[in-house]
Amino acid sequence: MKRKLIVAVSVVGMMAGVAACGNGGDDKAKADSGPKEITVWVMDGSAPKAWIDAVNAEFSAKHPGVTVKVETQQWKGIQEKVTTALSEDTPPDVLELGNTQTAGYAVTGGLAELTKDKAKLGADAWAKGMLASAEIDGKLYSAPWYAANRVVVYDKKAYAKAGVTPPTTRDEWVAGLEKLKAADPKSQPIYLPGQSWYVLAGFIWDEGGDLATKDGAKWKGGLATPQAASAMDFYKKLQSFSTAPKDKDEATPQQSTDIVPKGGVSSWIGLGWEAGGAEKALKDAGKEADFGYFPIPGKTADKPGTVFLGGSNLAIAERSKNKDLAKEWLALAAGKDQMTKYAAETKGALLPNQVGANFAPPAGSFAEAMAKAGANGKITPVTPGWANVETEPNPIKDFMTKVLNGTDPAKAGADADTEIANRINK
């Protein structure tokens with residue numbers, strides 16, 4: 001997910017964050033003995049240069065003499081690099097972490113607890129869906145930074161031909177797919193592989209369920225439940241309009257570049273980088289790309305469907321020698337003023353950590369649909385063991401394929417829950 005978010009930024013022309021700042025100043029309370037430099041790790045593509053320069057300039061103005069050293073990291077191998085850095089005596093002071101990875105670093109003692117600093121950091125303004133990934137057992141270990149989520153991408157010409165307008169409820173969505181099928185039997189009303197489990201997660205949340213829940217001191221899977229069965233029933237209904245394989249996910253083959261550009265797809269569910277990639281692939285092939293976008297519909301028109309929010313948090317190393325200054329830098333970076341500038345710099349490709357900082361995207365754009373959907377976003381269970389669940393073979397994917405091929409959801413769910421419990425409680 002993380003690597004793909006980076007590409008989303010490049011699609012809208014975002015520059016990678018390589019930079020660093022200047023001569024800033026000394027913490028007045030530690031004028032003689034205080035540290036003269038803090039180090040910040042950001043991932044390649046996450047921090048636009050203009051934005052990171054602005055944060056550091058504001059910080060430097062408040063702390064003359066303190067330099068901010070920004071180091072850009074690559075996603076490949078980053079978990080091992082972060083684990084090593086946090087165990088050393090001179091780790092980076094502030095570092096970007098994937099929002100589903102944060103819990104793992106926190107429980108090992110690698111991150112500074114920030115619960116008492118909530119007011120200083122402006123936590124009350126942070127989006128609740130993003131904040132969940134930054135907390136464990138009510139304690140704060142990072143500040144949410146940005147996120148992205150999926151929306152429905154549709155072919156405007158195909159929809160117009162079938163007389164379909166963007167739906168606002170599940171029933172309208174299915175009715176529209178029926179019209180698309182009748183208007184052009186040779187095309188797929190929607191391309192939906194059998195193992196797009198992030199999409200299924202949203203449907204499970206819509207039903208009031210979850211992928212896993214805490215049961216005393218342990219975790220248990222949530223797929224052998226009526227909520228998961230209902231979610232799979234709706235997923236199966238959508239998937240019946242697609243000829244996509246039931247045993248593959250959206251990346252195998254890559255839907256945006258390997259499937260959509262070939263034509264015959266009226267709609268699909270994807271991220272911003274995928275929409276941009278499909279548009280470029282179509283143009284490179286000499287074809288017209290005329291996409292529209294709408295949030296995944298919910299059960300009722302008053303609220304869109306729940307979506308998975310994938311993104312990053314900013315944390316402070318427990319072994320940082322410069323915690324006070326790091327907290328002040330973090331308060332600036334995660335605060336409303338700088339997050340407003342961040343949203344503008346990324347042109348809506350990424351959602352900032354608070355609604356009040358949202359970029360005003362053009363009407364009808366992917367960013368507009370993503371912002372509407374993101375307001376009803378959630379993340380996967382916040383526990384270090386969740387990373388084990390996502391490794392291949394992913395039991396959620398296996399559950400989906402089994403049900404699509406006719407296995408009873410309760411039976412398939414029970415098998416998956418056994419595996420989820422084995423992995424998540426390691």
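Every value quoted in this text rests on a predicted model; they were computed, and no experiment measured them. (Residues numbered from 1 in each chain as written. Predicted model: local features only at pLDDT ≥ 70, side-chain atom pairs only at ≥ 80, totals over all residues. Heavy atoms only, no water.)

A. Structural view of the sheet that holds strand β13 (residues 310–316). The mixed open sheet is built from six strands, whose spatial order is β2-β1-β3-β13-β6-β14. The open sheet has two edge strands with one neighbour each: β2 (67–73) and β14 (351–352). In the sheet, strand β1 (residues 37–43) pairs with strand β3 (residues 94–98) via two bridges, with the strands oriented parallel. Bridging across to β3, Val40 finds its partner in Val94. Along the sheet, helix α13 (residues 323–333) contacts β1, β2, β3, β6 (143–148) and β13; its crossing angle with β13, the most-contacted strand, is approximately 150°. (Pairing = 2+ DSSP bridges. Helix = DSSP H or I, 4+ residues; strand = E, 2+ residues; numbered from the N terminus. Contact = heavy atoms within 4.5 Å. Axes fitted to C-alpha atoms, helices over the stretch in contact; angles between N-to-C directions.)

B. Fine view of unusual backbone geometry. Put simply, Thr252 and Pro253 share a cis peptide bond, and its omega is 0°. As for its placement among the helices and strands, Pro253 is situated in the loop between α10 (226–239) and α11 (255–259). With an omega of -5°, the peptide bond running from Glu392 to Pro393 counts as cis. Considering the arrangement of structural elements, one finds Pro393 in the loop between α16 (386–390) and α17 (395–404). Phi is positive for Asp137, which is not a glycine, with a value near 50°. Mapped onto the elements, Asp137 comes out in the loop between β4 (135–136) and β5 (139–140). The exposed category is assigned to Asp137, whose relative accessible area is 67%. (Buried < 20%, exposed > 50% of the residue type's maximum accessible area, 1.4 Å probe, protein only.)

C. Inspection of helix α14 (residues 336–345) at higher detail. Three or more residues of α14 are buried, namely Gln338, Met339, Tyr342 and Ala343. Down the axis, α14 shows its buried residues gathered within 145° of arc, on one side only. Buried residues along α14 sit against α2 (49–62), β6, α13 and β14. Phi turns positive, to about 55°, at Lys347, one or two residues after α14. (Arc of directions from axis to C-beta.)

D. Expanded view of the pattern of salt bridges. Applying the stated criterion across every chain yields a total of 22 salt bridges. Taking the shortest distance from any N to any O, the salt bridge between Lys157 and Glu288 comes out at 2.9 Å. On the criterion of sequence distance, the pair formed by Lys157 in helix α7 (residues 156–162) and Glu288 in the loop between α12 (272–284) and β11 (291–294) is long-range, its members being 131 residues apart. Classification of Lys157 by relative accessible area gives exposed; the value is 52%. The residue Asp249 makes a salt bridge to Lys397 at a minimum N-O spacing of 2.7 Å. Pair noted here: Asp249 is in the loop between α10 and α11 and Lys397 is in helix α17, with a separation of 148 residues, a long-range link. (Salt bridge = Lys/Arg side-chain N within 4 Å of Asp/Glu carboxyl O.)

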